[in-house]
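Structural characterization, general
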Amino acid sequence: MDERNAIDVLEELLCGIAGGGTPNRSQANTYSNCRSDLLQSRAKALLPGFLYQCLTVFKFREFINLYDPDPSLRQAFVRRAMERCRAMLGANTSAAAVEPARARPADPSDPQQWMR
């Protein structure tokens, strides 16, 4: 599945769950496949953090239910996150344009400098 299609499928699935739906086995497989495809794609660095954290659709459900009690706000959160990813992917059309996430620099040896 290509990145844009995976994002679209995942957005609809996640919005349904954010709206209060209970995921079933088919949705769990869809989530797993889309997530895996996206994490192995050039869009990996553009994905929302919850896709890294939530290994299963059931973990996502736990996460999103803690995000806000209002289903419409949860759905808006998912739509914003996926739209941002889609927009960034559109702005970075070549594989070379999407840089991988960079590791945080090592902490300075002087604790006072670190606190600044």
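Remember, it's a predicted structure, so these values are computed and weren't measured experimentally.

1. A few points about the packing of helix H1 (residues 3-18) against helix H4 (residues 57-67)
The geometry of H1 relative to H4 is characterised by a closest axis approach of 10 Å and an angle of 50° between their N-to-C directions. Relative to H4, the element H1 is oriented oblique. Relative to H4, the crossing made by H1 is right-handed. Two secondary-structure elements touch here, H1 through Leu14, Ile17 and Ala18 and H4 through Val57, Phe60, Arg61 and Ile64. Residue composition of the contact of H1 with H4, by class: 6 nonpolar, no polar and 1 charged.

2. Section: the confidence of the model for the chain
The share of residues in the chain with pLDDT of 70 or more is 78%, and the mean pLDDT across the chain is 83. Here helix H6 (residues 111-115) is the element of the chain with the lowest mean pLDDT, 50, and helix H2 (residues 25-39) is the one with the highest, 96.

3. With respect to the packing of aromatic side chains
Applying the stated rule across the entire model yields 6 aromatic pairs. Relative to Phe63, the ring of Phe60 lies with its centre 6.2 Å away and its plane at 45°, an arrangement referred to as tilted. Highlighted residues: Phe60 and Phe63, both in helix H4, separated by 3 residues, approximately one helical turn. Here Phe60 falls in the buried class, since its relative accessible area comes to 0%. Among the residues examined, Phe63 registers a relative accessible area of 29% and is labelled partly exposed. Pairwise contacts between aromatic rings join Phe50, Phe60, Phe63, Tyr67 and Phe77 into one cluster.

4. Overview of the environment of Asn29
Among the structural elements, Asn29 can be located in helix H2. The partly exposed category is assigned to Asn29, whose relative accessible area is 45%. Put simply, Asn29 and Val57 are 28 residues apart on the chain and 8.6 Å apart in space, counted from C-alpha to C-alpha.

5. Comments concerning the side chain of Asp68
Take Asp68: it is sitting in the loop between H4 and helix H5 (71-91). At 2.8 Å, the side chain of Asp68 and the backbone nitrogen of Asp70 are in polar contact. Ignoring anything within four residues of it in the chain, the contact list for Asp68 reads Leu73 and Arg74.

Conventions adopted
Residues numbered from 1 in each chain as written. Predicted model: local features only at pLDDT ≥ 70, side-chain atom pairs only at ≥ 80, totals over all residues. Heavy atoms only, no water. Axes fitted to C-alpha atoms, helices over the stretch in contact; angles between N-to-C directions. Helix = DSSP H or I, 4+ residues; strand = E, 2+ residues; numbered from the N terminus. Parallel < 35°, antiparallel > 145°, perpendicular 65-115°, else oblique. Left-handed = near helix turned anticlockwise from the far one by under 90°. Contact = heavy atoms within 4.5 Å. Nonpolar A, V, L, I, M, F, W, Y, C, P; charged D, E, K, R; others polar. pLDDT = per-residue confidence, 0-100. Phe/Tyr/Trp six-rings, centres within 6.5 Å; stacked < 30°, edge-to-face > 60°. Buried < 20%, exposed > 50% of the residue type's maximum accessible area, 1.4 Å probe, protein only. Polar contact = N/O pair within 3.5 Å; in protein donor to acceptor, adjacent residues only side chain to side chain.

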